[in-house]
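A structural walkthrough
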Amino acid sequence: MDTAAYGEPWEAVPEGGPHVSQEELGDIIGSLSRLFFSTYYINLEQDTFRPVTQLRRVGEVLGNEVNCTSALRIYAQYFIHPDDQAEYLRVMNVDYIRQELRWWKPCIAVEYRRRDEESDSWSWVRASAVLARAGEDDMPLTAVYVAQDISDTRRLPSA
């Protein structure tokens with residue numbers, strides 16, 4: 001098994017096996033990104049992030065912030081139900097992500113209520129941090145943060 005490229009024990013596609021073209025890879029990434037309303041690439045070593053996709057209002061609030069820890073706190077303060085903020089910040093913080101993500105545990109998640117300012121209502125969201133790259137010591141170097149609306153599968157209590 002080849003572990004060098006990903007830091008996980010995944011099998012490499014054999015020489016001469018099926019390959020994904022750049023166009024197909026773009027289609028796959030585009031399809032997966034439609035599952036999530038927000039996607040960020042996190043550099044865990046530098047505590048920085050880059051938005052891939054995000055809600056316009058979140059972008060307005062975060063502005064030019066590039067520090068991941070600060071951005072997560074700002075997001076929680078502005079958009080997450082007060083009763084859910086502590087758990088969100090416990091799970092979605094760079095130290096916890098570094099501690100928890102490994103090739104054998106490639107994803108952590110937290111569910112919370114997010115305020116929709118336009119309708120002044122709450123919806124349920126599942127935010128996940130997924131291991132993107134690990135070092136030779138299995139320590140995570142980068143992660144992808146994704147957020148998905150799960151309101152259809154979860155009943156909302158009164159806020």
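Residues numbered from 1 in each chain as written. Predicted model: local features only at pLDDT ≥ 70, side-chain atom pairs only at ≥ 80, totals over all residues. Heavy atoms only, no water.

1. What to know about the packing of aromatic side chains
Rules: Any pair of Phe, Tyr and Trp rings, taking the six-membered ring for Trp, is counted once the centres come within 6.5 Å. Such a pair is stacked with planes under 30 degrees apart, edge-to-face with planes over 60 apart, and tilted for the rest. Put simply, DSSP H or I for four residues or longer makes a helix, DSSP E for two residues or longer makes a strand, and each gets a number counted from the N terminus. Only protein chains enter the accessibility calculation, which uses a 1.4 Å probe; a residue is then buried when its area is under 20% of its type maximum, exposed when over 50%, and partly exposed in between.
Summed over the entire model, instances satisfying the criterion amount to eight aromatic pairs. For the pair Tyr75 and Tyr112, a centre-to-centre distance of 6.2 Å together with 85° between the ring planes defines the contact as edge-to-face. Taken together, the residues Tyr75 in helix 3 (residues 68-79) and Tyr112 in strand 3 (residues 107-116) connect sequence positions 37 residues apart. Neither residue differs from the other here; Tyr75 and Tyr112 are each classed as buried. Ring geometry for Tyr88 versus Tyr112: centroids 5.1 Å apart, planes at 75°, classification edge-to-face. Of this pair, Tyr88 sits in helix 4 (residues 85-91) while Tyr112 sits in strand 3, placing them 24 residues apart in sequence.

2. Section: empty space enclosed by the protein
Note the following rule: Here a cavity is any set of points on a 1 Å grid over the protein atoms alone where a 1.4 Å probe fits but cannot get out, and a pocket is any open set with protein on both sides within 12 Å along at least 5 of 7 lines; a residue lines the site when it has an atom within 4 Å of a point. Grid points are joined across faces, edges and corners, and a volume is the space filled by probe spheres set on the points. Residue classes follow a fixed rule: Ala, Val, Leu, Ile, Met, Phe, Trp, Tyr, Cys and Pro count as nonpolar, while Asp, Glu, Lys and Arg count as charged, and any other residue, Gly among them, counts as polar.
All told, the structure shown has one cavity of 30 Å³ or more when counted by the stated rule. What lines the largest cavity is a set of 15 residues, among which Tyr40, Leu62, Leu72, Tyr88 and Tyr145 lie closest to the centre. Counting only elements with at least two residues in the lining of the largest cavity, the list comes to strand 1 (38-43), helix 2 (56-62), helix 3 and strand 5 (140-149). Tallied by class, the residues present in the lining of the largest cavity amount to 14 nonpolar, one polar and no charged.

3. Quick notes on the sheet that holds strand 4 (residues 121-134)
Operational definition: Here, a strand pair is defined by DSSP locating no fewer than two bridges between the strands. To obtain each axis, a line is fitted to C-alpha atoms, and for helices this fit is confined to the stretch in contact; angles are then taken between N-to-C directions over 0 to 180 degrees.
Strand order in this open sheet of five strands is 2-1-5-4-3, and the pairing throughout is antiparallel. Bordering the open sheet on either side are strand 2 (48-53) and strand 3, each of which pairs with just one other strand. Across this sheet, the average inter-strand angle for adjacent strands is 25°, counted without regard to direction. Of the pairings in the sheet, the one linking strand 1 to strand 5 comprises six bridges and is antiparallel in character. Bridge pairing in strand 5 places Ile42 opposite Ala143.

4. What to know about the pattern of salt bridges
Oppositely charged side chains can form a pair if their charged atoms are brought close together. Note the cut-off: Salt bridges are counted wherever a side-chain nitrogen of Lys or Arg sits within 4 Å of a carboxyl oxygen of Asp or Glu.
Scanning all chains against the criterion turns up six salt bridges. A salt bridge links Glu87 to Arg90, with the shortest nitrogen-to-oxygen separation between them at 2.8 Å. Of this pair, Glu87 and Arg90 both sit in helix 4, separated by three residues, roughly a single helical turn. Of the residues examined, Arg90 reaches a relative accessible area of 42% and is grouped as partly exposed. A salt bridge links Glu111 to Arg126, with the nearest nitrogen and oxygen atoms 2.6 Å apart. Separated by 15 residues along the polypeptide, Glu111 in strand 3 and Arg126 in strand 4 bring together distant segments of the chain.

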